[in-house]
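Spelled out from the first residue to the last, the chains are:
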Amino acid sequence: MKSSSSFLDAGPVPLQPSDAFLRRRHAIDSGIRIVLFVAAALSVMVTFGILYVLLSESVKFFTQVSIVDFLTDTQWTPVFEEKHFGIMTLLSGTLMTTAIALIVAVPAGTILALYLSEFAKPRLREAVKPFLELIAGVPTVAFGYFALLFLTPIFQSFIPGLARFNLLVSGVVIGIMILPYIVSMSEDAMRAVPDSLREGAYALGFTRLQTGLKVVTPAALSGVTAAYLLGMSRAVGETMVVAIAAGQQARIATNPLEGAATITSYIVQLSMGDLPHDSIAYQTIFAAGLTLFALTFSFNLFAFWLRKRYREAY
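## With respect to the overall build of the protein chain
Each helix and strand in the protein chain was counted, giving 13 helices and zero strands. Sequence-ordered secondary structure for the protein chain, helices as α and strands as β, is α-α-α-α-α-α-α-α-α-α-α-α-α. Taken against the 2.2 N^0.38 rule, which gives 20 Å for 314 residues, the C-alpha radius of gyration of the protein chain at 27 Å runs more than 25% over that of a compact globule. Structurally, the protein chain occupies a C-alpha span of about 110 × 55 × 35 Å along its principal axes. The buried share of the protein chain, reckoned over its 314 residues, is 40%. Sequence-distant contacts in the protein chain: of pairs separated by 6 or more residues, those separated by 24 or more amount to 71%.

## Re the nonpolar core
In this structure, Phe155, Val173 and Ile178 are the most contacted members of the largest nonpolar core, which totals 75 residues. What phenylalanine 155 contacts, discounting residues up to four positions off in sequence, is Leu162, Leu168, Val169 and Val172.

## A few points about the side chain of serine 117
When you line up the elements, serine 117 lands in helix H4 (residues 87–118). For serine 117, the residues in contact, after removing those within four places along its chain, are Arg125, Glu187, Met190, Arg191 and Arg198.

## Quick look at empty space enclosed by the protein
Going through the model one piece at a time under the given rule, you end up with one cavity of 30 Å³ or more. Space inside the largest cavity adds up to approximately 30 Å³. Residue lining of the largest cavity: Thr94, Thr97, Ile174, Ala235, Val236, Glu238, Val242, Thr262 and Thr264, and that is the complete set. Where the lining of the largest cavity is concerned, the elements lending two or more residues are H4 and helix H10 (221–236).

## Description of the layout of surface pockets
Estimates place the volume of the second largest pocket at around 150 Å³. In terms of lining residues, the second largest pocket is bounded by Trp76, Thr77, Pro78, Val79, Phe80, Gln248, Ala250, Tyr266, Gln269 and Leu270. Considered class by class, the residues forming the lining of the second largest pocket number seven nonpolar, three polar and no charged.

## Things to note about the pattern of salt bridges
Tallied over the full model, the rule gives nine salt bridges. Among the salt bridges present, the one from lysine 60 reaches glutamate 57, with a minimum N-O distance of 3.7 Å. Taken as a pair, lysine 60 and glutamate 57 lie in helix H2 (residues 19–62) at a separation of three residues, close to a single helical turn. Across the salt bridge formed by glutamate 258 and arginine 251, the nearest N and O atoms sit 3.5 Å from each other. Residue classification places arginine 251 among the partly exposed positions, given a relative accessible area of 29%. Taken together, the shared-partner salt bridges in this structure form one network comprising Arg125, Lys129, Glu187, Asp188 and Arg191.

## Regarding a nonpolar patch on the surface
Taken together, Val104, Phe146, Phe150, Ile154, Phe158 and Ile176 make up a surface patch of nonpolar side chains, about 510 Å² in accessible area. It is helix H6 (residues 140–158) that provides the largest number of residues to the nonpolar patch, a total of four residues. One can find isoleucine 154 in helix H6. Judged by relative accessible area, which is 38%, isoleucine 154 ranks as partly exposed.

## A closer look at H6
Residues three or four positions apart in an α-helix share a direction because the helix packs 3.6 residues into each turn. Given a rise of 1.5 Å per residue, 19 residues ought to cover 27 Å, and the 26 Å separating the end C-alpha atoms of H6 matches this to within 8%. In the structure, H6 departs most strongly from a straight axis at leucine 151, where the bend amounts to approximately 40° and where the proline proline 153 lies between one and four residues downstream. The set of residues buried in H6 consists of Phe143, Gly144, Ala147, Leu148, Leu151, Thr152 and Phe155.

## Some words on the packing of aromatic side chains
Applying the stated criterion across every chain, the model contains 13 aromatic pairs. Seen from their ring centres, tryptophan 76 and tyrosine 266 are 5.2 Å apart, and the 85° between their planes marks the pair as edge-to-face. Residue tryptophan 76 is located in the loop between helix H3 (67–72) and H4, and its partner tyrosine 266 is located in helix H12 (residues 263–271); the two are separated by 190 residues in the primary sequence. For the residue pair tryptophan 76 and tyrosine 266, the accessibility class agrees, reading buried in each case.

## Topic: the packing of helix H5 (residues 122–136) against helix H7 (residues 167–191)
One way to put it is that H5 packs onto H7 with a least axis distance of 8 Å and a crossing angle of 140°. Seen from above, H5 lies across H7 with left-handed handedness. Taking contact as the criterion, the partners of Arg125, Lys129, Leu132, Ile135 and Ala136 in H5 are, on H7, Ile176, Pro180, Tyr181, Val183, Ser184, Glu187, Asp188 and Arg191. When grouped by side-chain class, the residues that make up the contact of H5 with H7 number seven nonpolar, one polar and five charged.

Conventions adopted
Residues numbered from 1 in each chain as written. Predicted model: local features only at pLDDT ≥ 70, side-chain atom pairs only at ≥ 80, totals over all residues. Heavy atoms only, no water. Helix = DSSP H or I, 4+ residues; strand = E, 2+ residues; numbered from the N terminus. Rg over C-alpha atoms; globule rule 2.2 N^0.38 Å. Buried < 20%, exposed > 50% of the residue type's maximum accessible area, 1.4 Å probe, protein only. Contact = heavy atoms within 4.5 Å. Core = buried A, V, L, I, M, F, W, Y, C linked by side-chain atoms within 4.5 Å. 1 Å grid on protein atoms, 1.4 Å probe; cavity = no way out; pocket = protein on both sides within 12 Å on 5 of 7 lines; lining within 4 Å. Points joined across faces, edges and corners; volume = space filled by probe spheres on them. Nonpolar A, V, L, I, M, F, W, Y, C, P; charged D, E, K, R; others polar. Salt bridge = Lys/Arg side-chain N within 4 Å of Asp/Glu carboxyl O. Patch = residues over 30% accessible without salt bridge, like charges linked within 9 Å, V, L, I, M, F, W, Y side chains within 5 Å. Areas by Shrake-Rupley, 256 points an atom, 1.4 Å probe, with all protein chains shown as cover. Expected span 1.5 Å × (residues − 1). Bend = angle between axes of the 7 residues up to and from the residue. Phe/Tyr/Trp six-rings, centres within 6.5 Å; stacked < 30°, edge-to-face > 60°. Axes fitted to C-alpha atoms, helices over the stretch in contact; angles between N-to-C directions. Left-handed = near helix turned anticlockwise from the far one by under 90°.

This is the structure:
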């Protein structure tokens, strides 16, 4: 009979999983892989489906309208007797509201992200970030009527000549809407900067503000810039705010105090009409949508390239 010391000398007995357990784990892993693959493939298929619809309908439009006229004409009157199809008319309004939104959101978002990353206490940070996400969850229709019925009268009280439907207030509200995206992504990029860089700056006598501005922000510049570009894409594609508060008059937007149509507001306007599906006016919806798709897609590609090209590896 072996003594108890001989069992202790033999060491721990290795645990060997049963064949049934291994088969069950393999089946679960395979099922999860299939589900994740289907989800990823579905998103890609939906994107290609949208692109196919836009391209197939836009080809019909461009067989009747020269692409040169589409890009250079300064009038947009597809439902009038004298038809013009200058997309720059709608594009100017879109770019004007986007520029105003970025003027509002970029400085405010950068400052707030820097504060949350470098100055805010953990409890305050955990309270502010859900509040910003709550702003992102507010329906855009509510933002549109907030711009038209609340902010516009306030702005009219100290800005003479501000029209009831205008690009200025619409751009400001869109800037508020994209603020959570810029703050969240920028703050994540700043917090990813290693603490060794901060400690080195403190050792050299930098204050916390100097460290944030001269060390953390440059180190996180690729992520912060990508946040700006993604916020720009979100602003370009905004629909309901401009449809409600910016007006529907298609003209070259040179004055933000006046109203003008954007690409998205035009699509909403014509989609609610009773146009024949084979008419050229109906096909302009897809041509304008294709222009908007190309614009936002180029912004997203540039943001991806910028983040990959200038991302710092620590």
